[in-house]
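Topology and contacts: notes
Each chain, letter by letter, is given below.
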Amino acid sequence: MGTSTRTIERYRAGKLTTPQKHLLAALVDETESEWQPQVRAQACEQASTSGGMMVEVTAYFGFTCSGSSDDGRIRTITTPISPTYARQILDLQEAGATEEDLHPIVAEAITESYFTEWGTRADGLRADFTHVQAIEFMF
């Protein structure tokens, strides 16, 4: 960390309270390296068991029904997805799946939550997307 053990002990004991800039930066880096993986693991667990997660996709979504508002076009859709799909996505990411590998599952998740509103309308609708510009997952 760029300082003596004795200096660290004085900070822990409260005898020193304002670390120098280089030490403060090292402490922040060290804390984040320990803390961040734990926070991410907790967020993943919650997303895959109860909370689900948000997905934002910018892609070409289209349907065969011409002359309606559902004609194909580039859309940005932000929607929650269920814990079931969150678990599948997180498992695939952990296994090293590419973004393209995730497209079919993300399409199913978006169909369920956005297009069919959790099964309350448009029964049997299937949404696929192509020309994906971006996918972002948020906890």
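Our subject is the structure listed above.
The present account deals with the structure reproduced in this document. Numbers given to residues run from 1 along each chain, matching the order in which its sequence is written. Per-residue local features of the predicted model are confined to residues with pLDDT of at least 70, and side-chain atom pairs are confined, for both listing and counting, to 80 or more; whole-chain, interface and lining totals are unaffected and use all residues. Side-chain metrics rest on all non-hydrogen atoms present in the structure, leaving aside hydrogens and water.

**Some remarks on the sheet that holds strand β1 (residues 53-61)**
The condition is simple: DSSP bridges decide pairing: two strands pair if at least two such bridges lie between them. The way it works is that DSSP assigns letters per residue, a run of H or I at least four long becomes a helix, a run of E at least two long becomes a strand, and they are numbered from the N terminus. Axis definition: a line fit to C-alpha positions, over the contact stretch in the case of helices; interaxial angles, taken between N-to-C directions, run 0 to 180 degrees.
What the 3 strands build is an open sheet, ordered β2-β1-β3; its pairing is antiparallel. Of all strands in the sheet, those bounded by a partner on one side alone are β2 (73-81) and β3 (129-138). Between one strand axis and the next, the sheet turns by 15° as a mean value, whatever way the strands run. Strand direction decides the pairing type here: β1 and β3, joined by 7 bridges, are antiparallel.

**Quick look at the nonpolar core**
Heads up, the rule is: Think of a nonpolar core as a cluster: buried Ala, Val, Leu, Ile, Met, Phe, Trp, Tyr and Cys residues, connected wherever their side-chain atoms sit within 4.5 Å. The cut-offs for exposure are 20% and 50% of the maximum accessible area for each residue type, with area from a 1.4 Å probe on protein chains only; residues under the lower value are buried, those over the upper are exposed, and the others partly exposed.
One finds V57, F61, V106, I110 and F129 to be the most contacted residues of the largest nonpolar core, which totals 23 residues. Every element with two or more residues in this core is listed here: α2 (21-51), β1, β2, α3 (83-94), α4 (99-115) and β3.

**Section: the pattern of salt bridges**
Pairing between side chains of opposite charge can happen when the charged atoms of each approach one another. Going by this rule: Salt bridge, as applied in this entry: a Lys or Arg side-chain nitrogen positioned within 4 Å of an Asp or Glu carboxyl oxygen.
Throughout the structure, instances matching the rule amount to 3 salt bridges. Taking the shortest distance from any N to any O, the salt bridge between R6 and E9 comes out at 3.7 Å. Taken as a pair, R6 and E9 lie in helix α1 (residues 5-13) at a separation of 3 residues, close to a single helical turn. Its relative accessible area of 45% is what places R6 among the partly exposed residues. By relative accessible area, which is 41% here, E9 ends up partly exposed.

**Remarks on α3**
So the rule is basically this: Any helix carries an expected span of 1.5 Å times its number of residues minus one. Note: the arc covers the axis-to-C-beta directions of the helix.
Taking 1.5 Å per residue as the helical rise, α3 with its 12 residues ought to reach 16 Å, and the 16 Å between its terminal C-alpha atoms agrees with that figure. Taken together, the buried positions of α3 are occupied by Y85, A86, I89 and L90. Buried residues in α3, looked at end-on, bunch into an arc of 130°, giving them a common side. Every exposed residue of α3 that faces more than 90 degrees away from the buried side is listed here: T84 and E94.

Nothing here speaks to function; it is all geometry.
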